[in-house]
Amino acid sequence: MKPTKKLAKKNDIKNGEDDGAEDPLRGMARSFAVLDFLATSPGRVVDVTRSLNLPWATVHRTIIQLEKAQFLRRDPETNRYEIGPRLWHIGSAYLANHRILRVAMPYLARLEGEEGIAMQVAERIGWHSVAIYSHQRVDEDITKAHYGYHFPLHCGSKGQVLLANEEPEFIEEYLLRDLERLTPDTITDVARLRTTLEQIRHDGLSLTIGDVQPFTGSIAAPIRDASGRTIACISFVFRKTLAKNSNRLDDLKDKLLQATHSISIDLGWHPGQG
């Protein structure tokens, strides 16, 4: 005899798989939440369970389905799950048709010979700044400045410039979060971060030293679209000793602003829009 829906529901609750009121993440929303978590924090089933406050069996079932579809992959030595090749395939299609990168490439090519910097194009994805393009000379090796690295928006010049130019409602929501400290110089005080964001909007660029990695600094400026909205940024990452050379730093700021303004104009932005 088939179990009734009522009995099946009761069994689900008993097994820790209740999808009712205590589980606000259902179906695709749950899968998206799992993928989003593992993209930034590869880990085991129990790590996802604790972070998303979901039953272990529910998370395990979701992860197994995502693994079968190659959206996730498991490290057999650690049992940690991370983003799988299917998402790379989808992400590659996103970048291949990315209008900002298509417009920016001629300007980025002119900057590829600059010594001592890693050059990035980044955009905001959720609560993070994500490098969608990265270039550094073969004789440079600034770690974590390569393509694909992402950091919370309050960390690093690229994140701060993207956050500063967001809608006020988004900024307020972000400031309610626990602000992660990557180094002793990461800004985690809300009042100080508000002041920093206001200064970035005034200056039109951001400069940070040692707040992502103790030995690096960076500058970033926004790329805007026809409406004046900030849709991405360019960032120069360098060893923080470079910041002691004021002439070199000023030269890099000029080249950064020239590139971001030119790209923005090609995207339809008019100076004076904001």
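Given the structure is predicted, the values throughout are model-derived calculations rather than measurements.

Q: Kindly report on unusual backbone geometry, identifying the contributing residues and their values.
A: At N53, a residue that is not glycine, the phi angle is positive and equals roughly 55°. Turning to its location among the elements, N53 is positioned in the loop between helix 3 (45-52) and helix 4 (56-68). Look at Q70: it is not a glycine, yet its phi comes out positive at around 70°. By secondary structure assignment, the location of Q70 is in the loop between helix 4 and strand 1 (72-74).

Q: Break down the nonpolar core for me, with residues and values.
A: Formed by 29 residues in total, the largest nonpolar core has its most connected members in I223, I234, F236 and I263. Going through the elements one at a time, helix 6 (99-111), strand 3 (117-125), strand 4 (128-136), strand 7 (216-224), strand 8 (230-239) and helix 10 (246-266) are the ones with two or more residues in this core. With 7 residues, helix 6 is the largest single contributor of residues to this core. Not counting residues up to four positions away in its chain, the partners in contact with I263 are V103, A104, Y107, I223 and I234.

Q: Give me the confidence of the model for the chain: which residues, what numbers.
A: Per-residue pLDDT for the chain averages 88, and the proportion of residues at 70 or more is 89%. The model gives residues 1-23 a pLDDT under 50, and that stretch makes 23 contacts with residues more than four places away or in other chains.

Q: Hey, could you go over helix 4 for me, with residue numbers and the actual values?
A: Along its 13 residues, helix 4 runs 18 Å from first to last C-alpha, staying within 8% of the 18 Å computed at 1.5 Å per residue. Turning to helix 4, its buried residues number three or more, namely A57, T58, V59, T62, I63 and L66. Among the structural elements, helix 2 (27-40), helix 3, strand 1 and strand 2 (81-83) are those in contact with the buried residues of helix 4. In the segment just after helix 4, Q70 is the residue with positive phi, at about 70°.

Q: Give me the sheet that holds strand 3: which residues, what numbers.
A: Spatially, 5-4-3-8-7-6 is the arrangement adopted by the 6 strands of the open sheet, whose pairing is antiparallel. Two strands bound the open sheet, and with one partner strand each, they are strand 5 (150-152) and strand 6 (206-209). When strand polarity is set aside, the average angle formed by the axes of neighbouring strands in this sheet is 25°. Direction of pairing for strand 3 relative to strand 4: antiparallel, over a ladder of 8 bridges. Bridging across to strand 4, E123 finds its partner in V130. Across the sheet, helix 7 (residues 156-164) is in contact with strand 3, strand 4, strand 5, strand 6, strand 7 and strand 8; its angle to strand 7 comes to roughly 30°.

Q: Residue-level account of helix 9 (residues 190-203), with values.
A: Within an α-helix, residues lying three or four positions from one another point in the same direction, as the helix has 3.6 residues per turn. The terminal C-alpha atoms of helix 9 lie 20 Å apart, and with 14 residues this matches the ideal 20 Å at 1.5 Å per residue to within 8%. As for helix 9, its buried residues are in contact with helix 7, helix 8 (168-175) and strand 6. Capping the start of helix 9 is the job of one residue whose side-chain oxygen sits 3.3 Å from the backbone nitrogen of A191: D189. Within two residues after helix 9, G204 carries a phi angle of roughly 85°, on the positive side.

Q: So what about the pattern of salt bridges? Which residues, and what values?
A: Side chains that carry opposite charge are capable of pairing whenever their charged atoms lie near each other. Counted by the stated rule, this structure contains 10 salt bridges. The closest approach of N and O atoms between R194 and E172, which form a salt bridge, is 2.7 Å. You can see R194 sitting in helix 9 and its partner E172 sitting in helix 8, a full 22 residues away along the chain. The exposure class assigned to R194 is partly exposed, which follows from its relative accessible area of 38%. With a shortest N-O distance of 3.5 Å, D225 and R229 are connected by a salt bridge.

Q: Let's hear about the pairing of strand 3: which residues, and what values?
A: Of all 9 residues in strand 3, 7 are buried; the element is thus mostly enclosed. Of the strand pairs in this sheet, strand 3 and strand 8 are connected by 6 bridges, and their pairing is antiparallel. Across the sheet, M119 pairs through a bridge with F236, a residue of strand 8. The hairpin turn running from strand 3 into strand 4, its antiparallel successor, is 2 residues long, and G126 in that turn takes a positive phi close to 65°.

Reading the values: rules and limits
Residues numbered from 1 in each chain as written. Predicted model: local features only at pLDDT ≥ 70, side-chain atom pairs only at ≥ 80, totals over all residues. Heavy atoms only, no water. Helix = DSSP H or I, 4+ residues; strand = E, 2+ residues; numbered from the N terminus. Core = buried A, V, L, I, M, F, W, Y, C linked by side-chain atoms within 4.5 Å. Buried < 20%, exposed > 50% of the residue type's maximum accessible area, 1.4 Å probe, protein only. Contact = heavy atoms within 4.5 Å. pLDDT = per-residue confidence, 0-100. Expected span 1.5 Å × (residues − 1). Pairing = 2+ DSSP bridges. Axes fitted to C-alpha atoms, helices over the stretch in contact; angles between N-to-C directions. Polar contact = N/O pair within 3.5 Å; in protein donor to acceptor, adjacent residues only side chain to side chain. Salt bridge = Lys/Arg side-chain N within 4 Å of Asp/Glu carboxyl O.

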